[in-house]
Amino acid sequence: MKKIAVLTSGGDAPGMNAAIRAIVRTGIDAGMDVYGVRQGYAGLIAGDFVYLSRRDVGGIMHTGGTMLGSARCDEFRTLEGRQKAIDALCKQGIEALVVIGGNGSQAGAYDLWQMGYPVVGVASTIDNDLEGSDVTIGVDTAINVALEAIDRLKVTAASHRRAFLVEVMGRKCGYVALVSGIAGGAEVVVISEREVAPEEVARELRAAYERGKNHALVVVAEGAQNNAQKLIQHFEADEGAIGFGLRATILGHVQRGANPTSADRLLATRLGHGAVRALARGERGVLIGLRGDHLASTPLGEIVGRQKPLDLSLFELARIMAQ
Ligand code: ATP
């Protein structure tokens, strides 16, 4: 195999640049030419390729976002759109594609593979909801950003005897909320996998107040039915129910753009390297992820359309630690 391409797709995740760097340098080391595709599947359809040398991917390891750009592209969901993409790849003489992205992006990669085009996926999403990898590129950084905010809010909360509601990203998956809730010492964690009614949130906060705590913290996943907005609306009517004054902070996209942590840089480097090695071995239509401490290839057909289940024993851990 002499010519491959790499693209980043879906939401940007800290560590994507480190993965691009690893793919380019491993590819060149194996005697390949490596092309980047700008703006994800949209750029693929448009044939927007750029040759990448070892030096082109220097100085990007420590930066968040993606040097190639990313996009959400509806045209790629159609057969005609994907055929245009394959035509563009073939016209450029590119023999295989590495797709760095989350669930939707890997569904797109699987579609290409089903149409006969060689692809390998790299597990990357801050949501950590992708089957085939215990952890995905970006999630460690997203949790650390959430934690930094939580730690600061706790200082303010304690000074004013307040409760803080912090809503974190993660789409339908509560992983980021649960882990940052445990590591941040939250009184309550609200996630879609284990919904907590506003009355129960109030009970836990009131109990913390009566135990003499001078602050309290609720971490809420954006995908929870009772998200920050709903909980605030509920408590606005009855602040007395929780003892504390209540404030809400929605972290939103600030969680995405941070510099990747060492864990994300290492994970991205290992997965990117592993993806090129897999292609060189002749593997096709697989996702490269991490299982335990080992790289794992999982057929894309086994992961597409599924969401990795959350380990709910962590929810119990959060509950016990909050007492
Ligand atoms: P994140 O987890 O960060 O949101 P993602 O990869 O899940 O990343 P999506 O927006 O779901 O992000 O998907 C990215 C792109 O992948 C879409 O804009 C679309 O072009 C393509 N895609 C998504 N789902 C499919 C599908 N079922 N078939 C073909 N292409 C798809």
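Below, the structure is looked at part by part. Just so we're clear, the structure is a prediction, and the values are computed from it rather than from any experiment. (Residues numbered from 1 in each chain as written. Predicted model: local features only at pLDDT ≥ 70, side-chain atom pairs only at ≥ 80, totals over all residues. Heavy atoms only, no water.)

Section: the pattern of salt bridges
Short version of the rule: Each salt bridge in this description consists of a side-chain nitrogen of Lys or Arg and a carboxyl oxygen of Asp or Glu lying within 4 Å of one another. Strands are runs of DSSP state E lasting at least two residues, helices are runs of H or I lasting at least four, and both sets are numbered from the N terminus onward. Exposure is judged per residue with a 1.4 Å probe applied to protein chains only, and the accessible area is read against the type maximum: over 50% gives exposed, under 20% gives buried, and values in between give partly exposed.
Evaluation of the coordinates by the stated rule reveals eleven salt bridges. When the shortest N-O distance is used, the salt bridge between Asp74 and Arg77 registers 3.5 Å. For Glu131, the salt bridge is made with Arg306, and the minimal N-O distance between the two is 3.3 Å. Separated by 175 residues along the polypeptide, Glu131 in the loop between strand 5 (119-123) and helix 5 (139-160) and Arg306 in the loop between helix 10 (300-303) and helix 11 (313-321) bring together distant segments of the chain. Glu131 sits in the buried class, given a relative accessible area of 15%. In this structure Arg306 comes out as partly exposed when scored by relative accessible area, which is 46%.

Concerning a nonpolar patch on the surface
As a reminder of what qualifies: Each patch groups residues whose relative accessible area exceeds 30% and which form no salt bridge, using 9 Å between like charges and 5 Å between nonpolar side chains of Val, Leu, Ile, Met, Phe, Trp and Tyr. Each accessible area is a Shrake-Rupley result for a 1.4 Å probe, and residues are judged covered by the shown protein chains and nothing else.
Where nonpolar side chains cluster on the molecular surface, the patch consists of Leu317, Ile320 and Met321 and spans about 290 Å² of accessible area. For Met321, the position within the fold is in helix 11.

Thoughts on the nonpolar core
Rule in force here: Take the buried residues of types Ala, Val, Leu, Ile, Met, Phe, Trp, Tyr and Cys, join any two whose side-chain atoms come within 4.5 Å, and each joined set is a nonpolar core. Throughout, a residue-residue contact means that at least one pair of heavy atoms, one from each residue, lies within 4.5 Å.
Of all hydrophobic cores here, the largest spans 61 residues; its most connected members are Leu44 and Leu97. Once you skip the residues sitting within four places of it in the chain, Leu44 turns out to touch Leu7, Val37, Arg38, Phe49, Phe76, Ala85, Ala88, Leu89, Leu97 and Leu112. By size, the runner-up hydrophobic cluster in this structure holds 42 residues, among which are Phe164, Ala186, Val201 and Leu231.

Concerning the sheet that holds strand 8 (residues 216-221)
Put simply, the rule reads: Pairing between two strands is assigned when DSSP locates at least 2 bridges connecting them. Axis definition: a line fitted to C-alpha atoms, over the contacting stretch in the case of helices. Angles run 0 to 180 degrees between N-to-C directions.
An order of 7-8-6-9 is seen for the four strands of this open sheet, with the pairing classed as parallel. The outermost strands of the open sheet, each flanked by one partner alone, are strand 7 (188-190) and strand 9 (245-250). Each adjacent strand pair in this sheet contributes to an overall mean axis angle of 15 degrees, direction not counted. As paired strands, strand 6 (residues 162-168) and strand 8 are joined by six bridges and run parallel to one another. In the sheet register, Val166 faces strand 8, and the bridge partner there is Val219.

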